[in-house]
Amino acid sequence: GSFQSTDKVIDEEWYQDFIEADTSIRLVADFEKVNGEMHRTMFFLRRMDYFNSRERNNVLKLYIDYNNIARTISNSKYSSIVYVCKDDNILFSNDGKGGIYTEYGKISDDIVSNAVVDKSVELYGDQWNIYVMPGEKIVTNALKNNATLLILLIVFNILFPSLISGLINKSITERIFA
């Protein structure tokens, strides 16, 4: 970590929004330049004004490992797609789209209307929405995707043994009555 003067960030949008807001804590998701590259970031802001002097705006900014959170959600083995949104931005999802170097996707009306779960959570003064889409019918999709394999299994496990059994039965009965 490092300490820096607020003069360096006074023109940045996240700083202005935080100072104008009447809150002392905020969790911010942003698309900003870090180490020369634009990527998704998430950070925790805390007003460091213990003496209630509004003359100075001391702010603590702690970066949260966005990549690790996104990877954990994306690798989750849910049977449904989950979207975590703030305003109209999709912050996290397990749909396999997006990435740390792309801007946040926008939530569509289709996602909002088709969600089976729509949960709003207030987090440090901001409204976050969680949308869970209908789960896949795993058995039905597996049967559709593997229809040829299923047919081959039926042929080799039911029809082929029945045919062989019938031929052996015929052979034995012909020998007995011959």
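For every chain, the first residue of the written sequence is number 1, and numbering continues from 1 onward in sequence order. In view of the model being predicted, local features appear only for residues whose pLDDT reaches at least 70, and side-chain atom pairs are presented and counted only at 80 or more, with totals across whole chains, interfaces and linings using the full set of residues. Side-chain calculation: all heavy atoms of the structure are included, whereas hydrogens and water are not.

What follows is about the sheet that holds strand β5 (residues 89-93). One requirement defines pairing of two strands: DSSP has to find at least two bridges between them. Secondary structure elements follow DSSP: runs of H or I of four or more residues count as helices, runs of E of two or more count as strands, with numbering from the N terminus. Spatially, β6-β5-β4-β8-β7 is the arrangement adopted by the 5 strands of the open sheet, whose pairing is antiparallel. The sheet is open, and its two borders are formed by β6 (105-106) and β7 (117-123), each paired with just one other strand. Taken together, the 7 bridges between β7 and strand β8 (residues 126-132) define a ladder with antiparallel strand orientation. Each bridged residue has a counterpart across the sheet, and for Leu-123 the counterpart in β8 is Asp-126.

It is worth spelling out the sheet that holds strand β1 (residues 25-34) at this point. Read from one edge to the other, the open sheet built from 3 strands follows the order β1-β2-β3, with strand pairing classed as antiparallel. Two strands bound the open sheet, and with one partner strand each, they are β1 and β3 (59-64). Recorded for the sheet is a direction-independent mean angle of 35 degrees between the axes of neighbouring strands. Pairing of β1 with strand β2 (residues 37-47) involves 10 bridges; the strand directions are antiparallel. The partner of Val-34 across the bridge, within β2, is Glu-37. Working convention: axes come from line fits to C-alpha atoms, limited for helices to the stretch in contact. Angles between N-to-C directions cover 0 to 180 degrees.

Core analysis: the biggest nonpolar cluster contains 11 residues, these being Leu-27, Ala-29, Met-42, Phe-44, Tyr-66, Ala-70, Val-84, Leu-91, Phe-92, Tyr-104 and Trp-128. Where this core is concerned, the elements lending two or more residues are β1, β2, α2 (66-74) and β5. Setting aside chain neighbours within four positions, we find Met-42 in contact with Leu-27, Val-28, Ala-29, Leu-62, Tyr-63, Ile-64, Tyr-66, Leu-91, Phe-92 and Trp-128. In terms of nonpolar packing, the next biggest core, distinct from the first, is built from 8 residues, Tyr-83, Cys-85, Ile-90 and Ile-107 among them. Grouping buried Ala, Val, Leu, Ile, Met, Phe, Trp, Tyr and Cys residues that are joined through side-chain atoms within 4.5 Å yields what is termed a nonpolar core. Burial here depends on accessible area, computed with a 1.4 Å probe over protein chains only, as a share of the maximum for the residue type. Under 20% is buried, over 50% is exposed, and the range in between is partly exposed. The contact criterion used is simple: two residues touch if any of their non-hydrogen atoms lie within 4.5 Å.

On to the pattern of salt bridges, then. For salt bridges, the criterion is a side-chain nitrogen of Lys or Arg within 4 Å of an Asp or Glu carboxyl oxygen. Summed over the entire model, instances satisfying the criterion amount to 4 salt bridges. Across the pair Asp-126 and Arg-26 runs a salt bridge whose closest N-O atoms are separated by 3.3 Å. Separated by 100 residues along the polypeptide, Asp-126 in strand β8 and Arg-26 in strand β1 bring together distant segments of the chain. One exposure class covers both Asp-126 and Arg-26, and it is buried. A salt bridge links Asp-88 to Lys-106; its shortest N-O distance comes to 3.9 Å. Here the residue Asp-88 occupies a position in the loop between β4 (82-86) and β5, and Lys-106 occupies one in strand β6, the gap between them amounting to 18 residues.

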